[in-house]
Protein chains: 2
Amino acid sequence: MSAKLNLDKLDLQIIEHMMSDAEISYADLGKKLFVSGGTIHVRIKKLQKDGVIKGTRLHPDLKLLGYDVIAFIGIYLRESSLYDTVAKELYKIKEIVRLNYTTGNYSMFAEVVCKDISELRDVLHEKLQKIKGIERTETIISLEESFSRNVKILD
Amino acid sequence: MSAKLNLDKLDLQIIEHMMSDAEISYADLGKKLFVSGGTIHVRIKKLQKDGVIKGTRLHPDLKLLGYDVIAFIGIYLRESSLYDTVAKELYKIKEIVRLNYTTGNYSMFAEVVCKDISELRDVLHEKLQKIKGIERTETIISLEESFSRNVKILD
DNA sequence: ATTGAAAGAGTCTCAGT
DNA sequence: ACTGAGACTCTTTCAAT
């Protein structure tokens, strides 16, 4: 059940299924969930209209595309008021795919996807270190992804 | 260009576009890229066969679904040989959506999605701390996501 | 709200280039 | 390897429940 919207079990079942496979047809998904394809259609349109479904995305194999290095970078800021300006600079670095403003060890936390280690070095030494306001960074390189999956929205 | 496959510019353009919007029709994507819908179709089938395209996924609004808390957990292991057994235990915790084996500060690094802070506390204190082999953990809570985007595979 | 059927749009196949 | 057209499948609409 949702915090802000009235979603019933069917809505959640549709979302849960399509989070891992958005290619299934309404008719087939309807069969799985014991309703007609038309009902699936109506529900999906409603979920899109309400903004619960933001779209569908192709899921590529990054390694096959030549992106072999995933790393996380913890960022210490000189002053936390610099957050917005630093975030703007970090956005310009295309290898950074995600940035979070965080509590805990770091002020900010970034995820980086690179082709190889030398590209990561370039991001760290050439691009990151030149940004005013960053005190220092800590790099965590992923040697292997154990698993990656969606949130479980149904029990 | 890819490390392991011969992908030309058109392949990469198709992937790049569909990474953010997989709903576009082959005809419309063909228009954008100045080829026929049939060509888009052939390319996509090839990319699927080669495993470059792993599928398409629905992209939900987690906040609207009631998941307000994203956190990262750095995990220190008692011995690094315990990695596989600990990973297996962590997989059972449904709030953990991603686990990486890492170099740097931590042995392992997890991403957690929870409904609220009390659920996060439950994961940390009830579930994580009971796993043998974990020495200690450090929690980084995301206060705000600045941005999240796809890798840029074309210049 | 859900259904089933008809209309419209998209995917898939294939012969031609 | 790309194209365009025909066959097929899926989405979308709608009247009935």
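Being a predicted model, the structure only gives us computed values, none of them experimental.

A.B. asks: Got a minute to help me understand the relation of the copies chain B and chain A in this structure?
C.D. replies: Look at the two chain copies: a rotation about an axis and a shift along it is all it takes to match them. Once chain B has been moved 0.0 Å along the axis and rotated by 180°, it coincides with chain A to within an RMSD of 0.0 Å. Both copies are brought into coincidence by an operation consistent with a two-fold rotation axis. Taking the C-alpha atom as reference, chain B places Arg57 of chain B closest to the rotation axis, 2.6 Å from it. Both copies contact each other with a shared surface, as 100% of the interface residues of chain B are interface residues in chain A too.

A.B. asks: Please explain empty space enclosed by the protein as it appears in this structure.
C.D. replies: If you roll a probe as big as a water molecule over the atoms, it shows you where there is empty space left. All names here are of chain A. This structure, assessed with the given rule, holds two cavities of 30 Å³ or more. Put simply, the second largest cavity is a space of about 30 Å³. Listing elements by their share of the lining of the second largest cavity, those giving two or more residues are β3 (96–102) and β4 (108–114). Take the lining of the second largest cavity: its biggest share by element is three residues, from β4. Taken together, the residues of the lining of the second largest cavity break down into four nonpolar, one polar and two charged.

A.B. asks: Please clarify how the protein's contact with DNA strand C should be interpreted in this entry.
C.D. replies: The immediate surroundings of DNA strand C are formed by Val35, Ser36, Gly38, Thr39 and Arg43 of chain A together with Ser25, Tyr26, His41 and Lys45 of chain B. At the protein interface, 92% of the atoms of DNA strand C within 4 Å belong to sugar or phosphate. Ser36 of chain A has a polar backbone atom sitting 2.7 Å from a phosphate oxygen of DNA strand C. One of the side-chain nitrogen or oxygen atoms of Arg43 of chain A is found 2.7 Å away from a phosphate oxygen of DNA strand C. Those elements that place two or more of their residues in the surface near DNA strand C are α3 (37–49) of chain A together with α3 (37–49) of chain B. For the surface near DNA strand C, the leading source of residues is α3 of chain A, giving three residues. Across the surface near DNA strand C, the residue classes break down as two nonpolar, five polar and two charged.

Basis of the calculations
Residues numbered from 1 in each chain as written. Chains lettered and ligands numbered in written order. Predicted model: local features only at pLDDT ≥ 70, side-chain atom pairs only at ≥ 80, totals over all residues. Heavy atoms only, no water. Least-squares fit on C-alpha atoms with pLDDT ≥ 70 in both. Contact = heavy atoms within 4.5 Å. 1 Å grid on protein atoms, 1.4 Å probe; cavity = no way out; pocket = protein on both sides within 12 Å on 5 of 7 lines; lining within 4 Å. Points joined across faces, edges and corners; volume = space filled by probe spheres on them. Helix = DSSP H or I, 4+ residues; strand = E, 2+ residues; numbered from the N terminus. Nonpolar A, V, L, I, M, F, W, Y, C, P; charged D, E, K, R; others polar. Near = heavy atom within 4 Å. Polar contact = N/O pair within 3.5 Å; in protein donor to acceptor, adjacent residues only side chain to side chain.

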